[in-house]
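Structure assessment
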Amino acid sequence: EDQVTQSPEALRLQEGESSSLNCSYTVSGLRGLFWYRQDPGKGPEFLFTLYSAGEEKEKERLKATLTKKESFLHITAPKPEDSATYLCAAGYSSASKIIFGSGTRLSIRP
Amino acid sequence: ETGVTQTPRHLVMGMTNKKSLKCEQHLGHNAMYWYKQSAKKPLELMFVYSLEERVENNSVPSRFSPECPNSSHLFLHLHTLQPEDSALYLCASSQDGTGTLDTQYFGPGTRLTVL
């Protein structure tokens, strides 16, 4: 069964404490792995798209990596404003075939 | 207006009401999507339109009826809803809907409560 699983479900860090969020996927013929950030009461905001294993992308304190089975979102020296829910999604076969994970709720304490 | 806008932002309706959600994208995209986001559940893709034609309907109950009059506007008509339909309804758009290399950009959502 095609599936996207994110872990942990929730993560609380101290400001400046680096960590990683995991997104594991079991889909046939992955075409793209997407990361989004979602603030409470708002729609998801696009962060990254990764297309092939070994690819990495960075934006400010965030770096996304991709292997054949999972993707990681590394957050370095986070700040309170990085607090949000981070969603990953796997796209495959066609645009209509996209599966989202349940998200990781990240909280950064000052 | 920029990006993807949705109206209303909040909606409370009874089970016998008929209402519509509206989405407008100002990005020049050709594909638009409706998603449902329930508490503690992943986003569920409901409908996909590409160049105003519906290309996907993921087993959504008929009480949800989409309409895409042009590539900039998307509606979701609601009737005879159930309390379990209460959720955040998100609209998204992408350059084209024919491949998963396509990044989707989301609106702020409509928070729907069915009494």
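That block above? That's the structure.
Right, let's walk through the structure included here. (Residues numbered from 1 in each chain as written. Chains lettered and ligands numbered in written order. Predicted model: local features only at pLDDT ≥ 70, side-chain atom pairs only at ≥ 80, totals over all residues. Heavy atoms only, no water.)

**As for the environment of A:V4**
All names here are of chain A. Put simply, the rule reads: Segments assigned H or I by DSSP are reported as helices when at least four residues long, segments assigned E as strands when at least two residues long, and all are numbered from the N terminus. In this analysis, two residues are considered to be in contact whenever any of their non-hydrogen atoms come within 4.5 Å of each other.
Structurally, the position occupied by V4 is in strand β1 (residues 3-7). Distance in space between the C-alpha atoms of V4 and L87 is 10 Å, their sequence separation being 83 residues. Aside from chain neighbours lying at most four places away, what touches V4 is C23, S24, Y25, C88, A90, I99, F100 and G101.

**A word on the sheet that holds strand β1 (residues 4-7) of chain B**
All names here are of chain B. We apply this condition: Strands qualify as paired when DSSP identifies two bridges or more between them. Working convention: axes come from line fits to C-alpha atoms, limited for helices to the stretch in contact. Angles between N-to-C directions cover 0 to 180 degrees.
The four strands lie next to each other as β1-β3-β8-β7, forming an open sheet whose pairing is antiparallel. Both edges of this open sheet fall to β1 and β7 (64-70), since each of them pairs with a single strand only. Going from strand to strand, the sheet's axes swing by 20 degrees on average, the running direction of each strand aside. Bridge count between strand β3 (residues 18-25) and strand β8 (residues 73-79): seven bridges; the pairing is antiparallel. For E24, the partnering residue across the bridge sits in β8 and is H73.

**Looking at unusual backbone geometry**
In plain terms, the rule: Note on classification: 1.4 Å probe, protein chains only; a residue is buried when its accessible area is under 20% of the maximum for its type, exposed when over 50%, partly exposed between these limits.
At the junction of A:S7 and A:P8, the peptide bond is cis and its omega measures out at -10 degrees in the coordinates. The peptide bond linking B:T7 to B:P8 adopts the cis configuration, its omega dihedral lying at -10 degrees. Locating B:P8 in the fold gives a position in the loop between β1 and β2 (10-13). Positive phi values are uncommon outside glycine, yet A:E60 reaches one of about 55 degrees. Structurally, A:E60 is set in the loop between β6 (56-59) and β7 (62-66). Judged by relative accessible area, A:E60 falls into the exposed class, the value being 71%. In this structure, B:T80 takes a positive phi of about 55 degrees despite not being glycine. Topologically, B:T80 is positioned in the loop between β8 and β9 (87-94).

**Here's the deal with the interface of chain A and chain B**
Counted only if it meets this: By buried area we mean the combined loss of accessible area, with a 1.4 Å probe, across both parts when two parts are placed together. Under this definition, polar contacts are N or O atom pairs within 3.5 Å; protein pairs additionally need one hydrogen-donor-capable and one acceptor-capable atom, and for neighbouring residues in sequence, both atoms have to be side-chain atoms. Note that Gly is not counted as nonpolar here; it falls among the polar residues with everything else outside the nonpolar set of Ala, Val, Leu, Ile, Met, Phe, Trp, Tyr, Cys and Pro and the charged set of Asp, Glu, Lys and Arg.
Each partner contributes to the interface: chain A provides 23 residues, whereas chain B provides 24 residues. Taken over both partners, the interface formed by chain A and chain B buries close to 1800 Å², and the fraction arising from carbon and sulfur atoms is 58%. Between chain A and chain B we count four residue pairs in polar contact (both at pLDDT 80 or more) in total. Of all the secondary-structure elements, those providing two or more residues to the side of chain A that touches chain B are β4 (30-38), β5 (45-50), β9 (84-92) and β10 (94-100) of chain A. Looking at which element gives the most residues to the side of chain A that touches chain B, the answer is β10(A), with six residues. The residue inventory of the side of chain A that touches chain B, partitioned by class, reads 10 nonpolar, 10 polar and three charged.

**A closer look at the pairing of strand β8 (residues 70-75) of chain A**
Here β8(A) shows one buried face, formed by A:S71, A:L73 and A:I75, and one open face, formed by A:E70, A:F72 and A:H74. The loop that links β7(A) with its antiparallel partner β8(A) comprises three residues.

**Side note on the nonpolar core**
Threshold: Nonpolar cores were defined as sets of buried Ala, Val, Leu, Ile, Met, Phe, Trp, Tyr and Cys residues, with membership established by side-chain atoms within 4.5 Å.
A:L33, A:W35, A:F48, A:L62, A:L73, A:Y86 and A:L106 are the most contacted members of the largest nonpolar core, which totals 24 residues. At the level of secondary structure, the elements contributing two or more residues to this core comprise β2 (10-14), β3 (19-26), β4, β5, β7, β8, β9 and β11 (104-109) of chain A. Of all the elements, β9(A) adds the most residues to this core, at five residues. Of all hydrophobic cores here, the second largest spans 22 residues; its members include B:F64, B:C68, B:L78 and B:C91.

**Considering the state of the cysteines**
Put simply, the test is: Cysteine sulfur pairs qualify as disulfides if the two atoms are within 2.5 Å.
Summed over all chains, the structure comprises two disulfides over all chains. Bridging A:C23 to A:C88, the disulfide has an S-S length of 1.9 Å. Residues A:C23 and A:C88 are joined by a disulfide whose S-S torsion is about 75 degrees; by sign, that bridge is right-handed. Taken as a pair, A:C23 in strand β3 and A:C88 in strand β9 lie far apart in primary sequence, 65 residues in all. The exposure class of A:C23 is buried, given its relative accessible area of 0%. With relative accessibility at 0%, the residue A:C88 sits in the buried group. The disulfide partner of B:C23 is B:C91, and the gap between their sulfur atoms is 1.9 Å. One quick way to see it: the torsion about the S-S bond of B:C23 and B:C91 is about -70 degrees, and its sign makes the bridge left-handed. Of the two residues, B:C23 sits in strand β3 while B:C91 sits in strand β9, which places them 68 residues apart along the sequence. Overall, B:C91 belongs to the buried group, its relative accessible area being 0%. With no disulfide partner, B:C68 has as its closest neighbouring cysteine sulfur the one in B:C91, 9.0 Å distant.

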